[in-house]
Amino acid sequence: VSGRPPSSPTSAIAMLVQADSARWGEADGPPPIVGELLDPCRLELLEGRATLSMLNGVRLVVEGPADLDLMSVDQVHCRRGRLRARVPEGAEGFIVSGPGSAVIDMGAEFALNLTPGGAARGRVIQGQVEAAVLDPSGILKRSRVLTERRSFKIDHSMVELEGDDDSPADFVGPSNLVADVLAPAAGYASAILADHPASYWRFERLDSGGGPNEGAG
């Protein structure tokens, strides 16, 4: 059981939805557990793989060793590690920053590897990103818009293109998360109907091509 103070729905920004052979450090308190809502915090993944769902719909896969701060639903800061972000429509502008770098999503899926020294290598899987070089105070020095199937490197002075073939080698693969089948307990539907809802759709049968309203009347 996690010893973290429980997050409230108003302060939480993410949920840990999967952990594969994950071993956590205690950089900011006890390790998280699957299904836990997370406030802004520091996470240290010593080894293994973890999948986070930001509460704006961004899916973040992290492979250890990794050290990152969950800053807001729109930004994470990674000191080191390998990660992959899938950003849905409506959550554009998601930022992964690192020491001296930032990748700003423009409607994309991208992977990023960051070293403790600040060097970053990335690949645009789909869509577009803006890769940026930052000065020590976090101010933008220069940036470059990159399209899908482009690999790139960010050092302390420039954004440099690498190969643009289809090989995703050395980057985190996509999430393998599979949602469990929802199996309501016996009597679930009866309990709902006992409250006399005006509308209740179960989608277990079709009526003229549509799911009928099970609510009375």
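Below is a short write-up of the structure. (Residues numbered from 1 in each chain as written. Predicted model: local features only at pLDDT ≥ 70, side-chain atom pairs only at ≥ 80, totals over all residues. Heavy atoms only, no water.)

### So, the overall build of the protein
The helix and strand inventory of the protein stands at one helix and eleven strands. When the helices and strands of the protein are listed from N to C terminus, the series reads β-β-β-β-β-β-β-β-β-β-β-α. Each of the 217 residues in the protein was classed as buried or not, and the buried ones make up 36%. Restricting the contact set of the protein to residue pairs at least 6 apart, pairs at least 24 apart contribute 43%. In the structure as shown, the protein presents an accessible area of about 11,700 Å², 52% of it carried by carbon and sulfur atoms. (Helix = DSSP H or I, 4+ residues; strand = E, 2+ residues; numbered from the N terminus. Buried < 20%, exposed > 50% of the residue type's maximum accessible area, 1.4 Å probe, protein only. Contact = heavy atoms within 4.5 Å. Areas by Shrake-Rupley, 256 points an atom, 1.4 Å probe, with all protein chains shown as cover.)

### A look at the pattern of salt bridges
Within this structure, the stated rule accounts for nine salt bridges. Across the pair Arg-82 and Glu-63 runs a salt bridge, and its minimum N-O distance is 2.8 Å. On the criterion of sequence distance, the pair formed by Arg-82 in strand E5 (residues 75-86) and Glu-63 in strand E4 (residues 59-72) is long-range, its members being 19 residues apart. Judged by its relative accessible area of 27%, Arg-82 is partly exposed. If you follow the salt bridges from partner to partner, you end up with Arg-42, Asp-67, Asp-69 and Arg-79 in one network. (Salt bridge = Lys/Arg side-chain N within 4 Å of Asp/Glu carboxyl O.)

### A closer look at the pairing of strand E10 (residues 151-154)
Note that strand E8 (residues 120-134) and E10 share four bridges and pair antiparallel. Bridging from a neighbouring strand, Ala-120 pairs with Ile-154 of E10. The turn linking E10 back onto strand E11 (residues 159-161) is made up of four residues. (Pairing = 2+ DSSP bridges.)

### Some remarks on the pairing of strand E7 (residues 101-114)
For E7, the buried fraction is high: twelve of the 14 residues fall into the buried class. With six bridges joining them, E5 and E7 adopt antiparallel strand pairing. Bridge pairing in E7 places Ala-85 opposite Phe-110. Both strand E6 (residues 95-98) and E7 contribute to a ladder of four bridges, which runs antiparallel. Its bridge partner being in E7, Ser-97 is matched across the sheet by Ala-102.

### What about the environment of Leu-55?
On the secondary structure map, Leu-55 appears in the loop between strand E3 (41-54) and E4. The class for Leu-55 is partly exposed, based on a relative accessible area of 44%. Sequence-distant contacts of Leu-55, that is, excluding residues within four places in its chain, are made with Ala-12, Ile-13, Ala-14, Met-15, Leu-37 and Val-73.

### Topic: the side chain of Asn-113
Following the sequence through the fold, Asn-113 ends up in strand E7. With a relative accessible area of 13%, Asn-113 lands in the buried category. Asn-113 has contacts with Gly-81, Arg-82, Ala-119, Ala-120, Arg-121, Asp-170 and Phe-171, leaving out every residue within four places of it along the chain.

### Re the nonpolar core
Counting residues in each nonpolar core, the largest one holds 39 residues, and the members touching the most others are Leu-60, Leu-70, Phe-94 and Phe-152. Elements that contribute at least two residues to this core include exactly strand E1 (14-24), E3, E4, E5, E7, E8 and E10. Per-element accounting of this core gives the leading share, six residues, to E3. (Core = buried A, V, L, I, M, F, W, Y, C linked by side-chain atoms within 4.5 Å.)

### Describing the environment of Gln-128
Within the element layout of this structure, Gln-128 appears in strand E8. A residue is classified by how much of its surface remains accessible, and Gln-128, at 32% relative accessible area, is partly exposed. Sequence separation between Gln-128 and Glu-109 is 19 residues, and the spatial gap between their C-alpha atoms is 8.1 Å. Once you skip the residues sitting within four places of it in the chain, Gln-128 turns out to touch Asp-105, Met-106, Gly-107, Ala-108, Val-145, Leu-146 and Thr-147.

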